Amino acid sequence: MSEKTSEKKKTRTPMPEQPPEVRAGNFDEVALGYSKEDAIAEASRCLNCKEPKCVEGCPVNVDIPGFIKLICEEDFEGAIEKIKATNALPAICGRVCPQESQCEALCVLGKKSEPVAIGRLERFCADYEREKGVSAPGVPGSDIVEPTGRTVAVVGSGPAGLTAAADLAKLGHKVTIFESLHKTGGVLSYGIPEFRLPKEIVKQEVEYIKQLGVEIKPNYIIGRIKTLDQLCKEFDAVFLGTGAGLPRFMGIEGENLNGVYSANEFLTRVNLMKAYDPNYDTVVRRGKHVVVVGGGNVAMDSARSALRLGAEEVSVVYRRGEEEMPARREEIKHAKEEGVSLKLLANPTRILGDDKFNVKGIECIKMELGEPDASGRRSPVPMEGSEFIIDADVVIIAIGTSPNPIIFKGSEGLEQNRRGTVVAEDETGATSKCGVFAGGDVVTGAATVISAMGAGKKAAKAIDEYLKEK
Amino acid sequence: MAYKILEKEEIAPSVHRTVIDAPDVAKAAKAGQFIILKIDEEGERIPLTIADFDPEKGTVTVIFQEMGKTTKQLGKLSAGDSLEDFVGPLGTPSDIRKLGTVILVGGGVGVAPIYPQAKAYKEAGNRVLTIIGARNKDLLILEAEMQEASSELFIATDDGSKGHHGFVTEIMKNILDSDEPVARVVIIGPPIMMKVGAGMAAPYDVEILVSLNSIMVDGTGMCGGCRVTVGGETKFTCVDGPEFDARQVDFGELMNRLSMYRDDEAKATEEYEHKCRCGLH
Ligand SMILES: Cc1cc2nc3c(=O)[nH]c(=O)nc-3n(C[C@H](O)[C@H](O)[C@H](O)COP(=O)(O)OP(=O)(O)OC[C@H]3O[C@@H](n4cnc5c(N)ncnc54)[C@H](O)[C@@H]3O)c2cc1C
Ligand SMILES: Cc1cc2nc3c(=O)[nH]c(=O)nc-3n(C[C@H](O)[C@H](O)[C@H](O)COP(=O)(O)OP(=O)(O)OC[C@H]3O[C@@H](n4cnc5c(N)ncnc54)[C@H](O)[C@@H]3O)c2cc1C
Ligand code: SF4
Ligand code: SF4
Ligand code: FES
């Protein structure tokens, strides 16, 4: 190996992106995607390990060396086939998985230099397929299943529900998805913004699931139109993938002032209901000085959306340090490049309003990291007397969500734990209620797209077995 | 998926009654609940109370007043047209039981939500005293239906063109002052009317309920946009309500929050009307 190639192999092939100053003013996708040459160059960095660690890091165990090898061989169709054998939504996962804490975290190259850019390669394959217009059913045998005559209700059309529905349909079961919003996709549609995950991609994945024969009923709230108990009577099995959509507030003074949003409301108005597009009737307050509270992906998405709506200044207030922020590294980097400022080690104490009930500022207190707690994390403690005020006309609260309790209305015997999540077996998703399985954020609390998909997959398998025995 | 408009009628100037084909909603609906509709892809989601429903025919009736862009656009649709989205029933149904005598007070378009309640309270065996009002007699809606649904009907108009010359709340006070024991008062109408009415009824030994009309997006507890302060606690109108104990409601906050988008709404309405005038719609 020449000096030059080994040098080249140390760093990842960069992802072409819109320049920060340009993208901060539009809602188009930030990362533009690898070219064929980029993909092959990056794929050739992979050592094709005999015992690939990376695969263990992936919640759905994508055959990573397998698909990467096919990219090297320029067999892109083979590569996407290989990914789709275990991952039904690669265009989405390649874009939004927190790779740095999953597949890429365990890549052996990461020990000495940079790990293989697995997510970017996955995205490349999915985009290649989409652009070529190859129609979706890429899973072997998907078109030859006999209908089983069994029916399954899937509640919620987020990644957990979509994955469970796809797998069950492929096994020949008749699946109906019930979704309370007017659009499908769950957080993929109402939460994650267009500039990170174009809605066209979500739409295509949903189309694929429809092609598999799944019926989708939007505007259909379980707990209101029908109860879970009724579904249990009408269907042979039920999968709950209702997510964690109930926003938490801080309970501080001034939180109900005009201009204070939950991240859910702000992002729903902007993403699902396209407030940024003048053709839409949706209103949203476009602040000049926006403060976002929180440190996860939701906070980053809110901050970057606010910037794109024309804010002059956007700050993210987070009570720990940058290292501790739960957001994907890439989102933090992108947000900073675009001009979002991080106000770390600070916690809001109250929100200030003017005489017209509008937000005018937020008071925060400085925090310092104390002794490590039982989990080993150093928890932040307020520094007395260190309060300071940030001017703000919009405040967005992104401090977490919990499962929406509507689903529990009329659901006899469904066990929940203290945090409001559904108790379900890890391996099968089986709940305490016969014939009802659950997975995704409704079980784990707010987590990731890929873990929700993994749970949907496991549950589909378990439901299939349950139906065979029933 | 589309929800067809089966009937459409202008029952008073700028007040419309629309019957929509929505069998799933009709089957599940109860008095006190509402729906959220969206006219087309670009539309806004707006909440409207279920003014009537027929589980057999699979229809839901809404009655609305033209306020801004969305309600004006909705007012222009007619039988045969469709709505893209229609979701419900939303909100906690009214707690309807046999209580004795119940006073129902409806002002303006707030008369519409009173109608299913009158029917339900009467069916539960209550003596239902309904008071409806409007600015003048032309704006009065559902008089015949209310007559039928109530034990007794009282009418008030601001200008005295029909019934009592004055406010509905004055009739309410007269009844509360009389010998008739009243178990519950339900007041539905513009926030200011609910606030004033609740204030008048507060000194009496009677339960007072109001149905709040906060700004909403999803109607399922997902956005928190509809939050109100009730008894010092934050509640979500769409799931914890829309009916609340009037004595506990922070009406000032409710009214402030309703004005959140006033400027945007005024602009949207103006642009829409301009387009209509120019024949672009
Ligand atoms: C702004 C934001 C950014 C994120 N960024 C990332 C990221 O970059 N990477 C990542 O991996 N994860 C990210 N996440 C987390 C990830 O999106 C979630 O973990 C994932 O979507 C959970 O999937 P789910 O299928 O369990 O639930 P959801 O996606 O929440 O879907 C649940 C669906 O069920 C519907 N529903 C709820 N109740 C009912 C009912 N009673 N009847 C009918 N339907 C109902 C809801 O309307 C919703 O559509 C982000 C989350 C948010 C909010
Ligand atoms: C539970 C509930 C039940 C309702 N029932 C009825 C009814 O039966 N008949 C009826 O005529 N009206 C009803 N309303 C009010 C109705 O929703 C508003 O008049 C309508 O949304 C106005 O929209 P617009 O675009 O025409 O006017 P806009 O110009 O957008 O707004 C006019 C005013 O309506 C309110 N409003 C605006 N958007 C919303 C929204 N998304 N949610 C709630 N309020 C909003 C604001 O106070 C605003 O100032 C109800 C509201 C709620 C919350
Ligand atoms: S699905 Fe996610 S975790 Fe798995 S390989 Fe793809 S990007 Fe990595
Ligand atoms: S661990 Fe890294 S180098 Fe090894 S197979 Fe996986 S991606 Fe390739
Ligand atoms: S309307 Fe969104 S929480 Fe009530």
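This text goes with the structure placed above it.
Asks: So what about the side chain of Thr-237 of chain B? Which residues, and what values?
Replies: Residue and element names in this part refer to chain B. Looking at where Thr-237 falls in the secondary structure, it is placed in helix α7 (residues 237-240). Taking the relative accessible area as the measure of exposure, Thr-237 reaches 0% and is therefore buried. Separated by 2.8 Å, the side chain of Thr-237 and the backbone oxygen of Cys-226 make a polar contact. Residues in contact with Thr-237, not counting those within four places in the same chain, are Leu-212, Ser-214, Met-216, Cys-226, Val-228, Pro-242 and Phe-244.

Asks: Break down the site of ligand 1 for me, with residues and values.
Replies: Residue and element names in this part refer to chain A. Not every one of the 34 residues close to ligand 1 is listed here, only the nearest: Val-96, Ala-160, Glu-179, Ile-222 and Asp-441. Separating an oxygen atom of ligand 1 from a backbone N or O atom of Ala-160 is a distance of 2.8 Å. In this structure, Val-449 approaches ligand 1 through a main-chain N or O atom, which is 2.9 Å from an oxygen atom. Relative to its unbound accessible area of 1,000 Å², ligand 1 is 94% covered by the protein chains. If you tally residues by element for the shell around ligand 1, the top one is helix α16 (residues 297-308), at three residues.

Asks: Describe the interface of chain B and chain A, naming the residues involved and giving the relevant values.
Replies: Contacts between the two partners involve 43 residues from chain B and, on the opposite side, 37 residues from chain A. Surface buried jointly by chain B and chain A totals about 3,400 Å² across both partners, of which 53% is contributed by carbon and sulfur atoms. Three residues, Met-222, Arg-227 and Met-260 of chain B, lead the burial of chain B against chain A; their summed loss comes to 19% of the area buried on that side. Remark: the boundary between chain B and chain A carries two salt bridges.

Asks: Provide a residue-level description of the site of ligand 2, including the pertinent values.
Replies: Residue and element names in this part refer to chain B. The immediate surroundings of ligand 2 are formed by 24 residues, with Pro-47, Thr-49, Ile-63, Gln-65 and Thr-71 found nearest. Between ligand 2 and the protein, one listed contact pairs an oxygen atom with a backbone N or O atom of Gly-68 at 2.9 Å. Its free accessible area being 860 Å², ligand 2 has 89% of it covered by the protein chains. Of all the secondary structure elements, the ones that give two or more residues to the shell around ligand 2 are β4 (46-49), β6 (59-65), α2 (69-76) and α9 (262-277). Sorting elements by how many residues they give to the shell around ligand 2 places β4 first, with four residues. Grouping the constituent residues of the shell around ligand 2 by class yields twelve nonpolar, eight polar and four charged.

Asks: So what's going on with the sheet that holds strand β7 (residues 82-83) of chain B? Residues and values would help.
Replies: Residues and elements named next belong to chain B. With antiparallel pairing, the five strands of this open sheet are ordered in space as β5-β6-β2-β1-β7. Each end of this open sheet is capped by a strand with a single partner; those strands are β5 (52-54) and β7. Note: strand β1 (residues 3-12) against strand β2 (residues 15-21), six bridges, orientation antiparallel. The residue bridging Ile-5 from the neighbouring strand is Ile-20, located in β2. Against the sheet, α2 engages β1, β2, β6 and β7, with an angle of about 125 degrees to β6.

Asks: Before we move on, can you summarise helix α13 (residues 199-211) of chain A with the specific residues and values?
Replies: Because the α-helix completes a turn every 3.6 residues, residues three or four places apart line up on one side. Residues and elements named next belong to chain A. In this model, α13 (13 residues) spans 18 Å end to end at C-alpha, consistent with the 18 Å of a helix rising 1.5 Å per residue. Restricting attention to buried positions, one finds in α13 the residues Lys-199, Ile-201, Val-202, Glu-205, Val-206, Tyr-208 and Ile-209. Against α7 (90-96), α10 (118-132), α11 (159-170), α12 (187-190) and β3 (215-217) lie the buried residues of α13.

The rules we used
- Residues numbered from 1 in each chain as written.
- Chains lettered and ligands numbered in written order.
- Predicted model: local features only at pLDDT ≥ 70, side-chain atom pairs only at ≥ 80, totals over all residues.
- Heavy atoms only, no water.
- Helix = DSSP H or I, 4+ residues; strand = E, 2+ residues; numbered from the N terminus.
- Buried < 20%, exposed > 50% of the residue type's maximum accessible area, 1.4 Å probe, protein only.
- Polar contact = N/O pair within 3.5 Å; in protein donor to acceptor, adjacent residues only side chain to side chain.
- Contact = heavy atoms within 4.5 Å.
- Near = heavy atom within 4 Å.
- Areas by Shrake-Rupley, 256 points an atom, 1.4 Å probe, with all protein chains shown as cover.
- Buried area = accessible area lost by both parts, 1.4 Å probe.
- Salt bridge = Lys/Arg side-chain N within 4 Å of Asp/Glu carboxyl O.
- Nonpolar A, V, L, I, M, F, W, Y, C, P; charged D, E, K, R; others polar.
- Pairing = 2+ DSSP bridges.
- Axes fitted to C-alpha atoms, helices over the stretch in contact; angles between N-to-C directions.
- Expected span 1.5 Å × (residues − 1).

Purely geometric numbers; function is a separate question.
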